[in-house]
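Reading the structure
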Amino acid sequence: MRKWLLLALTGLLAACQQTAEPLYKPTGEDYPEQLSGWGMLQRSGGQLQLAKGVTPYDLNTPLFSDYAHKLRTVWLPPGTVAEYGDEHFNYPVGTVLTKTFYYPLDEQGQPMLVDSGTEPEFANSLPLERVRLMETRVLVHQKTGWVALPYVWNAEQTEAQLEWIGSETPLTGTDAQGKTHRFTYTVPDANQCLGCHAQNHVAKELRPLGPKARHLNKDYPYASGAQNQLAYWQQHGLLADVPEQVAQNTLWPTPRAGEVLAAQARSYLDINCGHCHNPQGAARTSALWLDIATQDPLKLGMCKAPIAAGKGTGDRPVAIAPGQAAESILSYRMASLDPGEMMPELGRSLVHAEGVALIERWINAMPGNCTD
């Protein structure tokens with residue numbers, strides 16, 4: 001009788017947790033060793049599901065990470081709200097952001113190396129038989145600032161373990177052209193997260209990169225129906241004081257009608273490069289600023305000679321040679337896999353062929369030259 005009662009209570013607890021609010025309240029630094037300890041994401045019925053009160057979101061143009069797709073979520077402590085800001089939202093202490101990296105699987109069960117959009121079938125939960133889970137990164141807002149925590153999924157896809165030192169996993173995947181690639185999927189350690197998330201290199205303050213107004217200003221296929229994310233956040237008490245007019249990066253890789261090539265390229269560089277290449281970022285001394293706010297052609301690299309790129313120039317004379325992608329350092333470094341040349345330096349073991357092609361088309365379409 002006692003054994004039966006224990007089993008019944010265990011089953012009831014498991015059922016409750018599938019619909020419960022998150023388990024972990026981030027009030028200290030004793031972080032869960034396993035991702036399930038947060039309670040933000042829960043395995044149930046062959047799905048990786050969001051807990052009650054956890055909201056999914058997506059970006060107009062996503063950051064490239066070896067073709068991994070991402071299920072992003074935000075959770076705010078009950079009774080709190082984030083304050084709007086053009087560059088950064090002011091999130092309340094206790095906010096938890098998660099980003100689960102995964103690969104859709106082909107019919108042979110191999111990862112598909114294709115660009116991600118907001119596929120409705122993966123928007124609000126992940127069907128575990130159709131994806132390979134790699135990692136879940138947790139950003140938690142403490143009183144002392146944001147903390148980054150990398151959780152690595154096990155081979156059985158049943159749990160993710162906190163790995164402060166990161167990890168490396170050999171993978172084989174197939175790209176959109178049917179070509180097979182063997183590469184190493186790398187989960188950065190907690191300190192490496194700061195390399196990208198500290199947009200101000202002097203302050204070295206870790207902050208979220210993706211959930212900014214211009215990246216979030218798009219429709220999302222919520223379970224309740226498609227809706228603009230900023231409007232949804234405000235309607236559901238996540239975000240206050242959203243203005244009527246909000247900047248919007250282009251939707252890529254499938255642009256909206258009227259979104260021109262130059263805007264697509266600038267949005268791509270903004271999310272992939274702008275966190276370092278900005279006036280306060282880690283690459284500020286290069287004087288090559290690729291954030292969306294920079295408008296000076298020289299600072300954007302037009303006919304700009306390198307300062308200290310070394311062999312990373314590929315013997316090309318300038319960052320961007322209008323009309324000549326084959327003479328431009330920017331596209332060369334994006335297409336390189338040499339650790340001493342490649343850009344970005346972290347977060348990829350593969351070349352983003354579609355991203356390189358976008359930047360090359362943009363450069364080749366530019367009028368003028370560097371000899372006038």
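In what follows, the structure referred to is the one given above.
The text that follows walks through the structure, step by step, so that each part is easy to find. Given the structure is predicted, the values throughout are model-derived calculations rather than measurements. Along each chain, numbering runs from 1 in the same order as the chain's sequence is written. With the structure being a predicted model, the display of local features is reserved for residues of pLDDT at least 70 and the display and counting of side-chain atom pairs for 80 or more, all residues being used for whole-chain, interface and lining totals. Based on all heavy atoms of the structure, the side-chain values leave hydrogens and waters out of the count.

Any two cysteine sulfur atoms lying within 2.5 Å of each other are counted as a disulfide. For the structure on display, the rule yields one disulfide. Between C303 and C370 runs a disulfide, and the two sulfur atoms are separated by 2.1 Å. Its S-S torsion of approximately -90 degrees makes the covalent link between C303 and C370 left-handed. Of this pair, C303 sits in the loop between α5 (261–273) and α6 (329–334) while C370 sits in the segment after α7 (353–364), and the two are 67 residues apart along the sequence. Think of it in three bands: residues with accessible area under 20% of the maximum for their type are buried, residues over 50% are exposed, and the middle band is partly exposed, with areas taken using a 1.4 Å probe on protein chains only. Under the relative-accessibility criterion, C303 is labelled partly exposed at 29%. Among the cysteines around C273, which has no disulfide bond, C276 carries the closest sulfur, lying 8.8 Å off. Secondary structure elements are taken from DSSP: a helix is a run of H or I of four residues or more, a strand is a run of E of two residues or more, and numbering for both begins at the N terminus.

Moving on, we get to the environment of Q324. Structurally, Q324 is set in the loop between α5 and α6. Note on Q324: relative accessible area 40%, which makes it partly exposed. Between the C-alpha atoms of Q324 and P367, which are 43 residues apart in sequence, the distance is 9.9 Å. Setting aside residues up to four positions removed in sequence, Q324 forms contacts with I363 and N364. Only heavy atoms matter for contacts: two residues are in contact if any of them lie within 4.5 Å across the pair.

This paragraph deals with the pairing of strand β14 (residues 219–222). Across four bridges, the pairing between β14 and strand β15 (residues 225–228) is antiparallel. Opposite D219, over in β15, you have N228 as the bridge partner. The pairing criterion is simple: DSSP has to find at least two bridges between the two strands. Connecting β14 to the antiparallel partner β15 that follows it, the hairpin turn spans two residues.

Looking now at the pairing of strand β9 (residues 131–142). With ten of its twelve residues buried, β9 lies for the most part within the structure. Two strands pair when backbone bridges link them, and strand β6 (residues 96–104) and β9 are joined in this way by nine bridges, in the antiparallel orientation. Residue pairing across strands places K99 opposite R137, the latter belonging to β9. Sheet analysis places β9 next to strand β10 (residues 145–153), joined by eight bridges and oriented antiparallel. Each bridged residue has a counterpart across the sheet, and for Q142 the counterpart in β10 is G145.

Definition used in this section: a nonpolar core is a set of buried Ala, Val, Leu, Ile, Met, Phe, Trp, Tyr and Cys residues joined via side-chain atoms within 4.5 Å. Counting residues in each nonpolar core, the largest one holds 51 residues, and the members touching the most others are W38, F89, Y151 and W233. Those residues in contact with W233, other than ones at most four positions away along the chain, are T55, Y57, V74, F89, Y91, P211, L216, Y222, L238 and L239. Counting residues in each nonpolar core, the second largest holds 33 residues, with F101, Y103, L288 and I320 among its members.

Once that is clear, we can look at the pattern of salt bridges. The term salt bridge refers to a pairing of a side-chain nitrogen on Lys or Arg with a carboxyl oxygen on Asp or Glu at a separation within 4 Å. Going through the model one piece at a time under the given rule, you end up with nine salt bridges. Note that E87 is salt-bridged to R214, the shortest N-O span being 3.0 Å. Here E87, found in the loop between β5 (82–83) and β6, pairs with R214, found in helix α3 (residues 213–216); they are 127 residues apart in sequence, far enough to count as distant. By relative accessible area, R214 is classed as buried at 9%. Taking the shortest distance from any N to any O, the salt bridge between K299 and D296 comes out at 3.7 Å.

So, on to the sheet that holds strand β8 (residues 125–127). The three strands are arranged β1-β2-β8 in an open sheet whose pairing can be described as antiparallel. Lying at the two open borders of the sheet, with one neighbouring strand each, are β1 (41–44) and β8. Neighbour to neighbour, the strand axes of the sheet diverge by 20 degrees on average, direction disregarded. Bridging between β1 and strand β2 (residues 47–50) involves four bridges; their strand directions are antiparallel. Axis definition: a line fit to C-alpha positions, over the contact stretch in the case of helices; interaxial angles, taken between N-to-C directions, run 0 to 180 degrees.

A few words on the sheet that holds β6. Within the open sheet, the six strands sit side by side as β3-β4-β6-β9-β10-β11. Their pairing is antiparallel. In the strand order of this sheet, the two ends are held by β3 (55–57) and β11 (160–162), each with one partner. Direction aside, neighbouring strands of the sheet carry axes that sit 30 degrees apart on average. Judged from the three bridges that link them, β10 and β11 form a sheet pairing that is antiparallel. Across the sheet, Y151 pairs through a bridge with L162, a residue of β11.

Between 30 and 60 degrees the pair is tilted, below 30 it is stacked and above 60 it is edge-to-face, where a pair is any two Phe, Tyr or Trp rings, Trp via its six-membered ring, whose centres lie within 6.5 Å. For the structure shown, the criterion picks out 13 aromatic pairs. Taking the centre distance of 6.3 Å and the plane angle of 15 degrees together, the rings of Y31 and W38 count as stacked. Taking the relative accessible area as the measure of exposure, W38 reaches 1% and is therefore buried. Relative to Y232, the ring of Y222 has its centre 3.7 Å away and its plane inclined at 10 degrees; by these criteria the two rings are stacked. Of this pair, Y222 sits in strand β14 while Y232 sits in helix α4 (residues 229–235), and the two are ten residues apart along the sequence. By relative accessible area, Y222 is classed as buried at 6%.

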